[in-house]
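One-letter residues, chain by chain:
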There are 4 protein chains.
Amino acid sequence: MTHSRTVELEGHIIDSGMLQQVMGTVMDLGGNFNVEQFDVGVHKEEETYCRMDVFADDEGTLKEIVHELHQLGANLTDPVDAKLVAAPADQVVPTGFYSTTNHPTQVRHGGAWLDVENIEMDCAIVIEETESGTRAYTKVLNAIDEGDLVVTDEAGIRVDPPERPRDSSGPFGFMQGGVSSERPSESLIRQVADALTKTKEDGGKVLVVAGPALIHAGAGDDLARLVREGYIDMISAGNGFATHDIERGLYGTSLGMDMETMEHPRKGHKHHIYTISEVIRAGGIAEAVDDGLITSGVMYECIQNDVPYVLAGSIRDDGPLPDTITDAVEAQNAIREQAHEADMVLMLSTLLHSVAVGNCLSSTTKVVCVDINPATVTQLLDRGSSQAIGMVTDIGTFVPSLADKVLDDA
Amino acid sequence: MTHSRTVELEGHIIDSGMLQQVMGTVMDLGGNFNVEQFDVGVHKEEETYCRMDVFADDEGTLKEIVHELHQLGANLTDPVDAKLVAAPADQVVPTGFYSTTNHPTQVRHGGAWLDVENIEMDCAIVIEETESGTRAYTKVLNAIDEGDLVVTDEAGIRVDPPERPRDSSGPFGFMQGGVSSERPSESLIRQVADALTKTKEDGGKVLVVAGPALIHAGAGDDLARLVREGYIDMISAGNGFATHDIERGLYGTSLGMDMETMEHPRKGHKHHIYTISEVIRAGGIAEAVDDGLITSGVMYECIQNDVPYVLAGSIRDDGPLPDTITDAVEAQNAIREQAHEADMVLMLSTLLHSVAVGNCLSSTTKVVCVDINPATVTQLLDRGSSQAIGMVTDIGTFVPSLADKVLDDA
Amino acid sequence: MTHSRTVELEGHIIDSGMLQQVMGTVMDLGGNFNVEQFDVGVHKEEETYCRMDVFADDEGTLKEIVHELHQLGANLTDPVDAKLVAAPADQVVPTGFYSTTNHPTQVRHGGAWLDVENIEMDCAIVIEETESGTRAYTKVLNAIDEGDLVVTDEAGIRVDPPERPRDSSGPFGFMQGGVSSERPSESLIRQVADALTKTKEDGGKVLVVAGPALIHAGAGDDLARLVREGYIDMISAGNGFATHDIERGLYGTSLGMDMETMEHPRKGHKHHIYTISEVIRAGGIAEAVDDGLITSGVMYECIQNDVPYVLAGSIRDDGPLPDTITDAVEAQNAIREQAHEADMVLMLSTLLHSVAVGNCLSSTTKVVCVDINPATVTQLLDRGSSQAIGMVTDIGTFVPSLADKVLDDA
Amino acid sequence: MTHSRTVELEGHIIDSGMLQQVMGTVMDLGGNFNVEQFDVGVHKEEETYCRMDVFADDEGTLKEIVHELHQLGANLTDPVDAKLVAAPADQVVPTGFYSTTNHPTQVRHGGAWLDVENIEMDCAIVIEETESGTRAYTKVLNAIDEGDLVVTDEAGIRVDPPERPRDSSGPFGFMQGGVSSERPSESLIRQVADALTKTKEDGGKVLVVAGPALIHAGAGDDLARLVREGYIDMISAGNGFATHDIERGLYGTSLGMDMETMEHPRKGHKHHIYTISEVIRAGGIAEAVDDGLITSGVMYECIQNDVPYVLAGSIRDDGPLPDTITDAVEAQNAIREQAHEADMVLMLSTLLHSVAVGNCLSSTTKVVCVDINPATVTQLLDRGSSQAIGMVTDIGTFVPSLADKVLDDA
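Residues numbered from 1 in each chain as written. Chains lettered and ligands numbered in written order. Predicted model: local features only at pLDDT ≥ 70, side-chain atom pairs only at ≥ 80, totals over all residues.

J.: What exactly am I supposed to notice about the overall build of chain A here?
T.: When you go through chain A residue by residue, the secondary structure sums to 13 helices and 19 strands. Referenced to the eigenvectors of the C-alpha coordinate spread, the extents of chain A come out at roughly 75 × 50 × 40 Å. When each of the 410 residues of chain A is scored for burial, the buried share is 56%. Looking at chain A alone, contacts between residues at least 24 apart form 66% of all its contacts between residues at least 6 apart. (Helix = DSSP H or I, 4+ residues; strand = E, 2+ residues; numbered from the N terminus. Buried ≥ 20, exposed ≤ 12 C-beta atoms within 10 Å, placed from the backbone. Contact = placed C-beta atoms within 7 Å.)

J.: Please clarify how the packing of helix H1 (residues 18-28) of chain D against helix H2 (residues 59-72) of chain D should be interpreted in this entry.
T.: Each pair of packed helices can be summarised by the angle the axes make with each other and by the distance between the axes. Residue and element names in this part refer to chain D. Packing of H1 against H2 leaves a shortest axis separation of 10 Å and a crossing angle of 170°. Comparing the axis directions of H1 and H2 gives the class roughly antiparallel. Together, Met18, Gln21, Val22, Thr25 and Val26 of H1 and Ile65, Glu68, Leu69 and Leu72 of H2 make up the contact between the two elements. Here the contact of H1 with H2 is built from residues that sort into 6 nonpolar, 2 polar and 1 charged. (Axes fitted to C-alpha atoms, helices over the stretch in contact; angles between N-to-C directions. Parallel < 35°, antiparallel > 145°, perpendicular 65-115°, else oblique. Nonpolar A, V, L, I, M, F, W, Y, C, P; charged D, E, K, R; others polar.)

J.: Looking at this structure, how should I read the relation of the copies chain D and chain A?
T.: Each of the two chain copies can be generated from the other by rotation about an axis followed by a shift along it. Mapping chain D onto chain A is achieved by rotating through 180° and translating by 0.0 Å along the same axis, at an RMSD of 0.0 Å. As the rotation angle and translation indicate, the two copies are arranged about a two-fold axis. Mapped onto chain A, 100% of the interface residues of chain D are again interface residues, and the two copies thus contact each other with one and the same surface. (Least-squares fit on C-alpha atoms with pLDDT ≥ 70 in both.)

J.: Can you walk me through unusual backbone geometry in this structure?
T.: A negative phi angle is the norm for most residues apart from glycine, just as the trans form is the norm for most peptide bonds. Cis geometry is adopted by the peptide bond preceding B:Pro320, which originates at B:Gly319 and carries an omega value of -5°. Within the secondary structure layout, B:Pro320 lies in the loop between strand S16 (309-312) and helix H10 (328-341). Notably, C:Asp306 is not glycine yet its phi reads approximately 50°, a positive angle. Even without being glycine, D:Gln91 reaches a positive phi, approximately 70°. Counting through the fold element by element, D:Gln91 comes out in the loop between strand S5 (83-86) and strand S6 (105-109).

J.: Help me understand helix H13 (residues 395-409) of chain B, please; the structure alone is not making it clear to me.
T.: End to end, H13(B) covers 21 Å across 15 residues, agreeing with the expected 21 Å (1.5 Å per residue, within 8%). For H13(B), the full list of buried residues reads B:Ile395, B:Gly396, B:Thr397, B:Phe398, B:Val399, B:Pro400, B:Ser401, B:Leu402, B:Ala403 and B:Val406. (Expected span 1.5 Å × (residues − 1).)

J.: What exactly am I supposed to notice about the sheet that holds strand S2 (residues 32-39) of chain C here?
T.: Within a sheet, neighbouring strands are paired by backbone hydrogen bonds and run either parallel or antiparallel to one another. Residue and element names in this part refer to chain C. Strand order in this open sheet of 4 strands is S2-S3-S1-S4, and the pairing throughout is antiparallel. Each end of this open sheet is capped by a strand with a single partner; those strands are S2 and strand S4 (75-76). Bridge count between strand S1 (residues 3-11) and S4: 2 bridges; the pairing is antiparallel. Across the sheet, valine 7 pairs through a bridge with leucine 76, a residue of S4. Across the sheet, helix H2 (residues 59-72) touches S1, strand S3 (48-56) and S4, and the angle it forms with S3 is around 155°. (Pairing = 2+ DSSP bridges.)

J.: Sorry if this is basic, but what is going on with the domain arrangement of chain A here?
T.: Size of an interface: often given as the accessible area lost when the parts come together. Domain parsing of chain A yields domain 1 (1-77), domain 2 (79-165) and domain 3 (185-409). Computed from C-alpha coordinates alone, the two centres of domain 2 of chain A and domain 3 of chain A are separated by 33 Å. (Domains from an automatic or database assignment.)

J.: Help me understand the environment of D:Ile235, please; the structure alone is not making it clear to me.
T.: Residue and element names in this part refer to chain D. Mapped onto the elements, isoleucine 235 comes out in strand S13 (residues 234-238). Between the C-alpha atoms of isoleucine 235 and valine 209, which are 26 residues apart in sequence, the distance is 5.9 Å. Once you skip the residues sitting within four places of it in the chain, isoleucine 235 turns out to touch Val208, Ala210, Cys302, Val307 and Tyr309.

J.: Hey, could you run me through the interface of chain D and chain A in this one?
T.: Listed as interface residues are 24 residues of chain D and, on the opposing side, 24 residues of chain A. Looking at the side of chain D that touches chain A, the elements with two or more residues in it are H1, strand S2 (32-39) and helix H12 (374-381) of chain D. The leading source of residues in the side of chain D that touches chain A is H1(D), at 6 residues. Taken together, the residues of the side of chain D that touches chain A sort by class into 11 nonpolar, 9 polar and 4 charged.

J.: Got a minute to help me understand the interface of chain A and chain C in this structure?
T.: Contact residues are listed per partner, giving 41 residues for chain A and 41 residues for chain C. Mapped onto the side of chain A that touches chain C, the elements with two or more residues apiece are helix H2 (59-72), helix H7 (271-282), helix H10 (328-341) and helix H11 (351-358) of chain A. A class-by-class count of the residues in the side of chain A that touches chain C yields 17 nonpolar, 14 polar and 10 charged.

J.: Just checking my understanding: could you explain the relation of the copies chain A and chain C for this structure?
T.: When chain A is fitted onto chain C, the two copies agree to an RMSD of 0.0 Å after a turn of 180° and an axial shift of 0.0 Å. Here 100% of the contact residues of chain A are again contact residues in chain C; the copies associate through an equivalent surface.

J.: Would you take a moment to explain helix H3 (residues 185-201) of chain A for this structure?
T.: At 3.6 residues per turn, the α-helix brings residues three or four places apart onto the same side. For H3(A), which comprises 17 residues, the first-to-last C-alpha distance of 24 Å matches the rise-based estimate of 24 Å (1.5 Å per residue) to within 8%. Elements that come into contact with the buried residues of H3(A) comprise strand S12 (206-210), strand S17 (344-348), strand S18 (366-371), strand S19 (388-392) and helix H13 (395-409) of chain A together with H13 of chain B. Immediately beyond the C-terminal end of H3(A), within one or two residues, lies A:Gly203, with a positive phi of roughly 80°.

J.: What is the right way to read the pairing of strand S10 (residues 149-152) of chain D from this model?
T.: Strand residues, when the strand is regular, have side chains that alternate between the two faces of the sheet. Residue and element names in this part refer to chain D. Summarising the sheet, S5 and S10 pair through 4 bridges and their orientation is antiparallel. When the sheet's bridge partners are listed, lysine 83 is paired in S10 with threonine 152. Sheet topology places strand S8 (residues 124-130) next to S10; 2 bridges connect them, and they run antiparallel. Across the sheet, the residue bridging to valine 126 is valine 150, located in S10.

If you want it as structure tokens, here you go:
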């Protein structure tokens with residue numbers, strides 16, 4: 001084991017599990033470590049500092065280990081600048097480019113540490129000299145322009161994963177283990193309501209990501225109420241969500257089921273495709289609202305209350321509605337803007353759109369994920385937000401209960 | 001195809017699907033049929049009559065076909081008495097004994113048709129001469145006594161599966177196809193509430209089958225309210241349900257999670273096993289209520305309001321509580337009595353106990369099955385009640401919402 | 001009930017359930033019926049003919065009933081031509097346009113019945129006079145051109161849903177009720193293998209729809225074998241599937257997990273994003289194969305064996321690869337072409353792409369749907385193919401077993 | 001914070017996560033800590049030692065904290081004997097009795113540390129003076145006899161949770177996070193096969209816990225092969241498993257489905273109940289084998305090869321078979337004996353029986369859990385074995401593949 005590097009960690013690295021992960025990773029990858037300095041935080045408020053040498057038999061393994069440790073927040077001690085290489089062509093990153101985590105990140109440039117703007121996962125970092133100074137920011141691969149100065153390798157980069165909060169408590173916490181449906185549902189909805197109210201009081205922005213199941217389950221009116229009362233700042237959804245919401249207003253049905261009496265739930269109904277053709281004929285949702293065609297529902301309230309929405313297209317769409325962004329890259333860019341603005345995100349009964357939004361979120365954004373399928377909740381929470389609540393519950397009872405709690409408190 | 005028998009069907013046999021099943025069954029099993037008489041119900045109120053000869057290449061196949069048809073409600077036309085054979089020993093049925101469906105059934109004896117009492121699936125039918133006349137009733141295999149006169153073969157037996165209701169409507173209906181979570185939840189809960197209220201107004205009895213998840217999900221108080229207010233006549237549960245309910249009263253936790261603050265959900269908590277040991281020490285639940293140990297919860301309300309309960313044991317039980325019936329056969333017998341008395345059954349978040357109760361129900365009993373796992377709901381509804389509602393929803397929001405609707409209406 | 005229309009049904013309408021559905025639909029929608037003529041098929045080979053008057057209290061209800069019956073295969077007796085209206089603008093269908101089912105359909109035009117080409121669900125039917133005669137074919141809404149002659153209302157249209165096969169048997173059958181994982185898996189895979197071999201022997205085309213889970217589960221090599229040996233004619237997948245497949249070849253990992261040793265399954269691995277950047281640098285998958293970058297896997301075999309593929313984009317994609325069609329409408333068109341050519345479709349572990357393909361299929365195409373999640377299988381089979389096998393099983397054992405069976409037989 | 005106690009931890013406490021859990025627990029419960037001594041293991045082979053004072057505002061909180069820490073392996077430094085109190089009555093433990101974890105545990109008695117025999121969760125520890133010396137062993141609550149000397153409180157007890165293995169590798173490892181179906185299935189089955197073979201080579205005992213789904217899925221023959229070839233030492237199942245296995249031999253069906261052709265899967269079949277009645281008539285499974293009634297299958301091989309089985313009763317049983325232990329407490333005792341003897345446990349498609357067996361296992365027993373439902377696998381692995389493999393796969397392909405791999409290697 002002649003190859004070695006020195007890394008250091010600091011913070012509440014023991015109880016946050018960071019040190020455990022670092023040591024485990026070295027061992028999993030066949031390396032070894034030597035703790036050089038270890039100043040344990042003797043009280044719970046004190047931070048711990050650890051500096052260790054990491055060894056491996058060959059340079060390749062060592063590099064892989066350092067790569068992993070880096071992503072866990074163990075940074076190289078060497079104070080060097082990040083290496084920059086110009087992109088050889090549009091959409092082509094330099095070989096060995098640094099691919100980001102979703103944690104707050106800094107890059108060393110000209111001897112100083114720059115915060116990376118709009119951090120999100122799996123991006124390149126571009127350094128740009130501007131009139132107001134040097135900026136470091138993320139770019140997805142398809143946005144790279146020829147000549148962009150892209151950070152490569154891993155030296156000169158610091159990652160700072162969120163730590164376990166000192167005070168226990170609050171529903172947003174480190175997710176420990178799996179997601180269970182066996183939790184007191186009404187108490188948890190109360191906590192989501194409080195967090196939503198608090199976010200708005202603090203001037204934050206709330207993004208709702210919603211799937212068509214929300215409408216089928218009868219929760220459209222309650223989401224519309226929250227939009228009308230100003231609790232929702234942005235909506236991220238798809239053609240299906242909007243169509244079902246509008247169909248409900250036009251025909252009183254969703255996928256052919258009468259929402260009040262639940263009678264006649266049959267496949268043959270054509271309300272869905274008629275709804276789309278009517279909105280196409282009007283020219284779009286806003287025009288259909290202006291024409292008096294659409295007079296209620298979530299989309300109606302968005303138009304009436306200037307709540308911006310992104311309808312991202314999908315290959316399973318009928319139509320689609322004219323408002324739908326059919327190009328996936330364009331749609332991602334629109335979603336990315338929403339995600340970067342959001343302080344709290346409610347992911348309601350949609351895996352596809354929730355993953356798309358989640359891909360653009362920093363690990364510090366508050367996320368509430370609600371689905372009746374535990375696998376969906378687990379998959380979404382697994383993406384590593386440190387401020388996440390997962391609930392396995394019925395969207396058709398969750399949204400009404402949430403709206404009641406939020407609006408009764410107001 | 002020289003072997004044949006004649007069967008007849010009558011009723012709303014087309015729109016109920018009975019005729020489709022009968023014809024399909026004959027074909028699936030390699031037989032053929034010849035419709036001898038067919039009087040179609042030309043209006044929706046009119047019944048249809050069909051008499052057909054069924055053919056097969058060999059007697060074995062014919063017998064199998066007739067067996068299947070019989071269970072679908074196509075009865076042999078031959079007016080013969082059922083064949084009776086005495087059971088050769090305790091728990092031993094005669095070879096070829098007739099095994100029941102869960103549909104209303106009649107047996108021909110002495111030239112007259114007797115209704116089979118306490119019909120349930122997979123039982124033997126015993127004919128007994130009593131002072132008040134001849135009775136036909138079901139017995140499970142392990143209840144057979146030597147000498148019991150047991151119906152064998154399938155002649156002289158009429159099965160009458162429930163038909164599709166003439167009026168559309170009502171949440172209780174023929175389950176068509178799968179169970180979806182995408183239905184307007186609040187509307188459906190309203191319909192369950194109305195059915196519950198109606199059952200009580202009509203003097204019917206309501207049986208709740210409940211699993212521990214109901215307590216974990218925070219719905220214990222609401223079920224307790226329904227018991228206290230007289231809406232629940234019987235409870236069928238297990239050692240786990242009762243223990244979690246009592247633990248909640250004793251420690252404010254369920255499986256170690258504080259039900260109000262949701263803090264400290266950890267595995268190490270020993271409240272569960274302490275709760276059991278305390279109740280054992282008191283001598284049982286009623287004694288623990290008398291001693292002032294248990295002062296709230298579902299079991300408390302059962303004791304205070306004389307609502308009988310069956311706690312059936314299971315091999316995964318801790319303890320168990322002294323009230324638990326540990327012998328499976330004894331427990332089944334206790335459950336059987338509950339099932340036979342019930343006019344409406346709410347199956348809440350337990351597969352094991354719901355299957356046990358469902359096994360003892362006639363196909364004419366009203367059943368509401370609620371679980372967050374669609375597979376559980378499907379499996380339970382699949383057992384063939386014709387009066388069933390299935391809901392894939394969160395028990396932790398369902399029960400509070402149901403209790404509010406029922407009690408607000410009162 | 002003064003409003004009435006006459007409809008007729010013929011075929012094996014009893015055992016196929018068609019008559020049951022028709023009668024049930026009339027009743028559900030509040031109508032009534034009068035059977036005018038009923039010629040029952042007395043043997044199983046004989047068809048049944050039924051003509052009935054349908055009544056409703058008002059014209060609106062009657063229209064709704066007739067609309068539903070029509071989709072079930074009960075056609076109006078009136079021999080009139082279909083009504084044609086010119087589309088007022090691009091993408092805008094005339095009001096009241098006829099929206100298709102996925103069943104074989106005929107349109108009456110100039111007194112003759114035309115088969116509708118490329119039937120698929122939720123499309124408009126366009127009538128076009130061509131040099132070779134009059135054609136009727138489907139168009140999706142977004143493909144409508146101004147002036148297209150579009151069929152409106154429901155007169156002059158005949159729908160012919162597939163019937164229950166006379167012989168029992170074969171794995172492709174009418175799906176009755178739910179999908180269970182409790183079936184003899186190896187026997188069922190054997191039947192899929194036989195159907196695949198048979199389709200190829202008959203000169204048919206096989207389309208595989210595959211999700212990334214297939215690669216994660218370790219089944220990539222086996223799918224590649226089937227492609228190499230000529231059993232797969234087309235592949236429909238997404239950016240994720242292709243990337244994971246190529247990553248496996250480049251790094252021996254999929255999402256960072258070593259496929260042989262299963263060691264080091266950690267999130268930090270960046271192989272996924274590196275793979276994409278390498279293929280972008282090469283210019284595409286074919287170029288990367290030419291360059292010797294990609295030397296194995298499903299995509300490699302597609303390039304080497306001229307098996308065409310469609311990679312449809314999605315908002316959750318990283319990259320994407322240059323081969324990905326990012327526009328949803330363009331991607332749907334590419335998928336539509338595949339679907340129309342296919343005689344047998346294997347849907348393997350992807351809901352999104354399977355729904356997209358399924359939307360374009362006629363009800364007469366053979367479909368095999370495999371997923372470990374029963375809800376996915378149910379949802380896909382529910383779309384109404386009459387030639388469908390659903391299997392709830394592990395794709396990681398299914399594909400190897402299928403490849404062994406198919407190739408061992410060869 | 002005037003109340004304090006001193007605890008110590010040693011071992012690979014950082015990378016095993018023990019230290020993280022201990023610190024987190026103190027903070028969650030509102031306490032504080034002061035690290036008195038911390039000797040970090042500087043190499044990966046070296047152990048770490050930590051002694052810390054734990055503080056709380058009141059004695060109750062402190063006690064709760066110490067209770068939690070104790071279960072995590074942080075033991076009090078005070079070298080006192082465990083406190084013993086005589087049980088006041090049969091089945092009644094003394095107040096404050098120590099309830100066990102499933103980790104290896106020692107009790108201090110007479111100044112010496114005794115290993116607790118047959119450790120399993122949620123038991124009492126009884127100390128008994130015997131001729132061969134003092135023994136400490138577990139008793140479940142219902143086995144307590146009046147006068148038993150039961151350990152109370154937590155002083156004088158040491159818990160030693162299994163540590164993360166030093167070498168990476170092997171499929172049995174610390175379960176990190178959730179269970180995914182997206183893993184290379186064939187590789188994982190290979191590793192299970194190797195572990196099974198290794199266990200037998202080492203003279204270990206293999207216990208199979210099996211549910212009826214195994215038979216429905218067509219895997220009965222393959223499990224029977226493994227029994228016949230001597231790879232299975234014990235079987236733990238229920239009445240349903242045995243009945244379906246025997247039904248398959250008697251009628252070639254399981255729940256009425258023909259296992260070869262998969263034809264005629266209908267509900268009406270009575271093979272299940274006939275099977276039970278035939279075995280009752282014979283007097284039991286062994287007698288039915290002797291009589292030549294049962295000539296193949298898993299139960300047949302058990303009888304022929306003297307492989308002991310436990311059939312535990314349940315309230316959903318039909319019959320049951322005479323071999324079934326209907327009393328839950330008796331059945332638990334029989335299961336307990338199996339569990340204590342087993343070196344490796346395969347839990348195959350049964351939640352109920354797997355939980356029952358799992359409740360009796362030490363955290364050091366090797367466990368393989370296979371189910372198609374991820375929630376079942378998660379729930380079983382969550383019970384805390386440190387030697388566990390979870391697979392979300394199809395039992396109908398898993399068992400044949402496992403049998404092939406094990407027997408081909410032999």
